[in-house]
Amino acid sequence: MATATFAIGIDLGTTNTALGAVRLDDDKATPKVFDLPQVTAAHETMTRPLLPSFLYQPASSELPDGALALPWDKARAFAVGAFARDRAAAVPGRVIASAKSWLSHAGVDRRAPILPFGASADDDVPKLSPVDVQARILAHLREAWDAAHPEAPLAAQQVVLTVPASFDAVARSLTEEAAQKAGLPQLVLLEEPQAALYAWIATHGDGSPTPWRKQVKPGDQILVVDIGGGTTDFSLIAVADDGAGNLSLERRAVGDHILLGGDNMDLALAYGVRQRLADDGREIDDWQLRALTHSCRAAKEAMLEDPTLQESTVVIPGRGSKLIGGSIKSTLTRAQLEQVVVEGFFPVVDKDARPAQNKRAGLQTLGLPYAHDAGITRHLAAFLKGQAPTAILYNGGVTRSALLRERIKTIVASWCATPPVELQGADLDLAVAAGAAAYARVRGANKGLRIKGGTARAYYVGIEKSELAVPGIAPRTDAVCIAPKGMEEGAEAVIPTELGLVVGEPATFRFFSSTTREGDVAGAAFDVARAGDAVVEVAPIETTLPGEPGLLVPVTLRSRVTEIGTLELFAQETASGRQHKLEFQIRGDDG
Amino acid sequence: MSASDPVVDVAPPGFFARLGLALRVLMDAMLARRLLLPDAVEPKALLEPKVVEKIVEVEKIVEKPVEKIVEVEKIVEKPVEKIVEKTIEKVVEKIVEKQRPPEEGALHLLSILQRDGRFVDFLQEDITSFKDADVGAAARLVHQGCKKVLATYFVLEPVRTEEEGARLTLEPGFDKAAISVAGDVKGEPPWKGTLAHGGWRAKEIKLPERPAFVDARIVAPAEVEVR
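Just so it is clear, the model here is predicted, and its values are computed rather than measured. (Residues numbered from 1 in each chain as written. Chains lettered and ligands numbered in written order. Predicted model: local features only at pLDDT ≥ 70, side-chain atom pairs only at ≥ 80, totals over all residues. Heavy atoms only, no water.)

Colleague: What am I meant to see in the pairing of strand E2 (residues 167-170) of chain B here?
Modeller: Look at any regular strand and the pattern is simple: side chains alternate between the two faces of the sheet. All names here are of chain B. Along E2, the buried face is formed by Leu168 and Leu170; none of Arg167 and Thr169, which line the opposite face, is buried. The sheet contact formed by E2 and strand E3 (residues 191-194) spans 4 bridges and is antiparallel. Across the sheet, residue Arg167 finds its bridge partner in E3, namely Thr194. (Buried < 20%, exposed > 50% of the residue type's maximum accessible area, 1.4 Å probe, protein only. Helix = DSSP H or I, 4+ residues; strand = E, 2+ residues; numbered from the N terminus. Pairing = 2+ DSSP bridges.)

So, in structure tokens, the structure goes:
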């Protein structure tokens, strides 16, 4: 295996993917984004800094031969990137989007071929699992890089792959699995808000006119607000003194993975216009609704950018060649924009506001768990829980609007004694990839600043208490902490209580996580039923001990955080010391 | 390769004659053209491989400015294809790909403007009966899309960077292709005048290549909604 010459950062986003690279031996260089070749139209390949995270599988008779050819694969029959995204509007049943959001959805078997979601079994569209789709996107990156750097293949470089901070151990493990499938055996995972902060640090280096060390001081708390096309993520990173007079950074808190973003805003505006058209007696079909959504996005961006613009025309062009004759016109006024986008998604709330609860209905609809409450500021209030950030770092396309950034800052300021400062970040679409590359270089050289934090959540195993059986009452289940919050990589933890596992048949444990509980050490136990919303159930874990069936073997449960950043769980036999891996059982509710 | 190929009927001349011919063809483009008449083709067969390879190199250098030589290259191809099919196949393929007719670039650009900006739909529609507001709304859409096309596939810059309306002087020897003069044009430069239009120059063209088999005449495919 060749030695690494590059530090690579991969932002595998829900809507867009990017790759940043910097030479390992050049301390002064800043990470640059690698333009990715992709099919942009039939028979057309162009390079773009972003690769839309869409996968298109045309029917065999749909496109002319060679329409999806790439420089390194002339016979390719599927497409990843811009053309796939454009075709998603025309042939939605054949394009897979947002595969990343499925990786954190516990209600489905994430290794089973379920995407495109909703396609019936006899459709001819090849089905893929969310892990497969992520692997295909990463494979496209690897092929593009290898074609441009034959002497430095991506598999041999120092690769950092970003994940949302809200991804739990299962989602992170599946992300690593996707990278392995894509031919990237050595990599490290990094949380996206941290990557954005590394990018900010790299932009304000020690030699720049506004060095970052002068902008923050020990005791500061940086709130990272990442609002993309489809997702919203929050993180809180504290600035401390490392004892030697140097500044150090520590990730203190992460929020939930909220499926809410810019796309929701465009759709909300489009629905409003559609309703007004319907009131006038004009019905529009699906194609027209999609065109309307695009038009609303353009109108929204125009009005957010120019505060003096009081209204913007919204046009649904005619589908056929009669562009003007077939078109439908409407207007979007500033008042409507304020009401739907600004008031609807960023309402002025106080710090005790909480989002409306997702109702746990008896019949859950299948599909992604989209947020029920569109008020992003309410989700933010729930995340902060009264903590007062001193600075805000924005990331993600929605925060491109100065008006929205100002709005969020003002609302957060109303919750704090002193208003927070806005940190001037780097390019909002590319910061995560560039920041991840900066981190890869720091890590590879083992010098430079690293944000501490360890695991973002505490993890618990569900153990039934052995009590006198009472008919009609289920025995109490305790959540016992197997991995305390903040475990650094390489660290291990063990539940001291011995358990007896039956050999020869699968032993299954319920598995929980918490982003909010503080202070639980390994072995700390509490009643799950009393824990409320602080504890979330993750996929069950199971193991089968080999040996004489029927024997009861005493084991202790232990955890370890890997170099990659994933969590490994074991059952260790007390007598022999042999370890058996506990696997995440993600097959779904019937498993 | 037609059945009535006249190549078959000619007796081959000697080796040195052919060598001499090959060297003369290298030096004399007009001779090459004359020699490519069908009844003189076969004798060159055995030397064609080397000759053709060299002609390919010339083509690369002189492709744009002197179109005539390019045309000659085209004619050279045919005998190569017929006579020494196997040995020269790869070389021929490369030549053929570069020989796309010049109108293909124009059709490709038109196709992109239609795809991303509905440009052709807009221009083909009869706008006489529409209100200004309706035309304007559509024009905004077309503008948005086509502007992106220009930004993606070209880098355009003005020819003159002065503000329009500014006074300037055209020195003798100014680039007549880049600057067009109007008004009180008498005698020889230097001429003083005001800049009426800054002009546009394509600094870069980033039109991707399309494979030769793509039918450029399909500016926009018909769309069928399958239900």
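Colleague: Just checking my understanding: could you explain the nonpolar core for this structure?
Modeller: In a soluble, globular protein the nonpolar side chains are often hidden away together inside. All names here are of chain A. Residues Ile8, Ile10, Leu19, Ile482, Phe511 and Leu557 are the most contacted members of the largest nonpolar core, which totals 76 residues. The element best represented in this core is helix H3 (residues 130-148), accounting for 9 residues. With residues up to four places along the chain from it excluded, the contact list for Leu557 reads Val461, Ile482, Ala493, Val494, Ile495, Leu499, Phe509, Phe570, Ala571 and Leu582. Counting residues in each nonpolar core, the second largest holds 46 residues, with Val225, Leu332, Leu380 and Tyr394 among its members. (Core = buried A, V, L, I, M, F, W, Y, C linked by side-chain atoms within 4.5 Å. Contact = heavy atoms within 4.5 Å.)

Colleague: Can you help me understand the packing of aromatic side chains in this one?
Modeller: Ring pairs (aromatic) are described by centroid distance and by the angle formed between their planes. All names here are of chain A. Considering all chains together, one arrives at 11 aromatic pairs over all chains under this definition. Judged by centre distance (5.2 Å) and plane angle (70°), the ring pair of Phe34 and Trp145 falls under edge-to-face. On the criterion of sequence distance, the pair formed by Phe34 in the loop between strand E3 (32-33) and strand E4 (36-41) and Trp145 in helix H3 is long-range, its members being 111 residues apart. Taking relative accessible area as the criterion, Phe34 reaches 14% and is therefore assigned buried. Above the ring of Phe6, the side-chain terminus of Arg23 is found at 4.9 Å from the ring centroid. (Phe/Tyr/Trp six-rings, centres within 6.5 Å; stacked < 30°, edge-to-face > 60°. Lys NZ or Arg CZ within 6 Å of the ring centre and 35° of its normal.)

Colleague: What's the story with the pairing of strand E26 (residues 567-573) of chain A in this structure? I'm lost.
Modeller: Residues and elements named next belong to chain A. In terms of residue burial, E26 counts as a mostly covered element, since 7 of its 7 residues are buried. Burial along E26 is two-sided: Leu567, Leu569, Ala571 and Glu573 and Glu568, Phe570 and Gln572, pointing in opposite directions, are all buried. In terms of strand pairing, strand E25 (residues 552-561) meets E26 through 7 bridges, oriented antiparallel. Looking at the pairing, Val561 lines up with Leu567 of E26. Counting the residues between successive antiparallel strands, the hairpin from E25 to E26 contains 5 residues, one of them, Gly565, with a positive phi of roughly 110°. In terms of strand pairing, E26 meets strand E27 (residues 579-584) through 4 bridges, oriented antiparallel. Residue pairing for E27: Phe570 is matched across the bridge by Lys581.

Colleague: Is there a simple way to explain empty space enclosed by the protein in this structure?
Modeller: If you roll a probe as big as a water molecule over the atoms, it shows you where there is empty space left. Residues and elements named next belong to chain A. All chains considered together, the criterion is met by 5 cavities of 30 Å³ or more. Considering only enclosed or pocket space, the second largest cavity measures out at about 80 Å³ in volume. For the second largest cavity, the full set of lining residues is Phe167, Ala169, Arg172, Thr455, Ala456, Arg457, Tyr459, Val561, Gly565, Thr566 and Leu567. Its residues assigned to classes, the lining of the second largest cavity shows 6 nonpolar, 3 polar and 2 charged. (1 Å grid on protein atoms, 1.4 Å probe; cavity = no way out; pocket = protein on both sides within 12 Å on 5 of 7 lines; lining within 4 Å. Points joined across faces, edges and corners; volume = space filled by probe spheres on them. Nonpolar A, V, L, I, M, F, W, Y, C, P; charged D, E, K, R; others polar.)

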